[in-house]
Amino acid sequence: MTLRSARRRFAVLVAGLAAGALLTGACTSPAARFFEAGNRKDTLTITTFDAIDATILKRVGAEFTRQNPGMSVQVTQIPEDAYVTKLQTSILAGDPPDIAYVYTAGHITSFHPLDDLVYKKYGLDPADYNTATLQYACGYQGHFYCVGGYAGALALFYNKKLFKAAGVPYPETTRPMTFEEYAEVAKKLSKPDRDPKRAIWGGEASVPTWWVDLRAFMSPDGRKVELTRPSYVREFETMVTMMRDGSAPTAAQQAAVGADDGNAGLFTQGKLAMTIAGSDMIDTLKSANFPESDYGLTATPIPAGTKPWINVWSTAYGIPRGSKHQAQAAKFLALWGTYAQKLQADYNLMPMLRSAADQYFAPKGPRQQEFVEVSRLARESLFTPDFYAWDANNQDAFNAAVRGENVEAALATAQKKDQQVLDTTWEKFDRAASTVGID
């Protein structure tokens, strides 16, 4: 599909929804039957934990009620640390919200598949979206259980002035460096000093598990952790060495220069040449009056011999099992996948719908354009129920290795702990999936 045709399709979808086209000539549709039944005072309930999402959901809700005067929309924001528990409690009690944030793909068993209910019924094609992001958020066995809002992604931000001063060429936007290349460049850019206030660090070094392809350290079925795989040990050790040799800053050094927000703060101060961050970093730099012309974006580093990989995520919403207004919830989610896409860009978020990202986010500036280009490198990930349930052990291994512990030994310890938690998350997922008939 060309950019022009994609934009035209986006415009048609939004215009159709905004004009109430989803109901025209549809006297036999579930939505039409609902209103014919005289249920004109019902409330569509939506829960989220994200403040920006709550604002956008309310704006979509205003459009929804404009199209459907008999329905009202109630958006409830729940603190993130209580969100999953409250949602699960409401589902078990038989009184869930009509629409809810899908808190990692591991929770899809609590939601209805939307392939027919939303995508097919309202003419939404998953291929028109950043499909890797959609799959990561709520995809399983070829089915989707959510509609995404914005497309979050990680990119490598680099300071052009520091590169130029060191005589190092700028990275290409869509050609990621290997781990080894990244460490080598970081070393060239570094200016070590016993006084952190005078030092310059070439790049950040962190646990690779959160920004590399899960296939680098997991089995193909996503059920086994393989941190001691020689190739992963090598990449992990490369990051540890950067910390040990002073190419990357420690937490103590960040604190010594007043970088309360870590590597982002150091980068903003011009003391860190490369850092990994999401699109919100663009806003952070703008707020700090960091000239847009003084930095650029490229893809995050990858293991040698592998394809580019970008870690992605989304604000994904689905219809919980037990929702009392499935048809209306489906229509709302169709708006979330079209009408709301432009709204995402209003808050400097990259829409998941590719045409909307091209039309409303990329034109905001050259860095946004680079971010869109980097995000398009994303590929489908392995499915694992809840990666964040066990990733903390990997940070412990990294910290231990930086302190001097043998890298492979530290990873072996983390691997054992990771596997225990992973087994538990899979057992819970498999049991829940079997209960609701998910193969």
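Note: the structure precedes this text.
Residues numbered from 1 in each chain as written. Predicted model: local features only at pLDDT ≥ 70, side-chain atom pairs only at ≥ 80, totals over all residues. Heavy atoms only, no water.

Q: With reference to specific residues and values, describe the overall build of the protein chain.
A: When helices and strands are counted, the protein chain shows 18 helices and ten strands. By the compact-globule yardstick of 22 Å for 439 residues, the protein chain fits well, its C-alpha radius of gyration being 23 Å. When its C-alpha atoms are laid out on the principal axes, the protein chain stretches across 75 × 45 × 40 Å. Residue burial in the protein chain is summarised as follows: out of 439 residues, 56% are buried. Here the protein chain displays about 18700 Å² of accessible surface, and carbon together with sulfur accounts for 52% of that area. Mean positive and mean negative side-chain charge positions of the protein chain (46 and 47 charges, respectively) differ by 5 Å. (Helix = DSSP H or I, 4+ residues; strand = E, 2+ residues; numbered from the N terminus. Rg over C-alpha atoms; globule rule 2.2 N^0.38 Å. Buried < 20%, exposed > 50% of the residue type's maximum accessible area, 1.4 Å probe, protein only. Areas by Shrake-Rupley, 256 points an atom, 1.4 Å probe, with all protein chains shown as cover. Lys, Arg positive; Asp, Glu negative; His and termini not counted. Charge placed at Lys NZ, Arg CZ, Asp CG, Glu CD.)

Q: So what's going on with the sheet that holds strand β3 (residues 99–101)? Residues and values would help.
A: Two modes of strand pairing occur in sheets, parallel and antiparallel, and in both the strands are linked by backbone hydrogen bonds. The five strands are arranged β2-β1-β3-β10-β6 in an open sheet whose pairing can be described as mixed. With partners counted over all chains shown, the strands left at the sheet margins are β2 (72–77) and β6 (147–153), one partner each. Sheet twist, expressed as the mean angle between neighbouring strand axes with direction ignored, is 15°. With two bridges joining them, β3 and strand β10 (residues 312–318) adopt antiparallel strand pairing. From the neighbouring strand, tyrosine 101 faces β10, where its bridge partner is tyrosine 317. Packing against the sheet, helix α6 (residues 131–138) makes contact with β6 and β10, and its axis sits at approximately 60° to β10. (Pairing = 2+ DSSP bridges. Axes fitted to C-alpha atoms, helices over the stretch in contact; angles between N-to-C directions. Contact = heavy atoms within 4.5 Å.)

Q: Tell me what's going on with the state of the cysteines, and back it up with residues and numbers.
A: Under the defined criterion, the tally for this structure stands at one disulfide. Disulfide partner of cysteine 138: cysteine 146, at an S-S distance of 2.0 Å. The sign of the S-S torsion, about -70°, decides the handedness of the disulfide formed by cysteine 138 and cysteine 146: left-handed. Given a relative accessible area of 0%, cysteine 146 falls into the buried group. (Disulfide = S-S within 2.5 Å.)

Q: Quick rundown of the pairing of strand β8 (residues 274–277)? Include the residues and the values.
A: Burial along β8 is two-sided: the residues Met274 and Ile276 and Thr275 and Ala277 are all buried. Two elements, strand β7 (residues 155–159) and β8, share four bridges in a ladder whose sense is antiparallel. Pairing of tyrosine 158 across the sheet is with methionine 274, part of β8.

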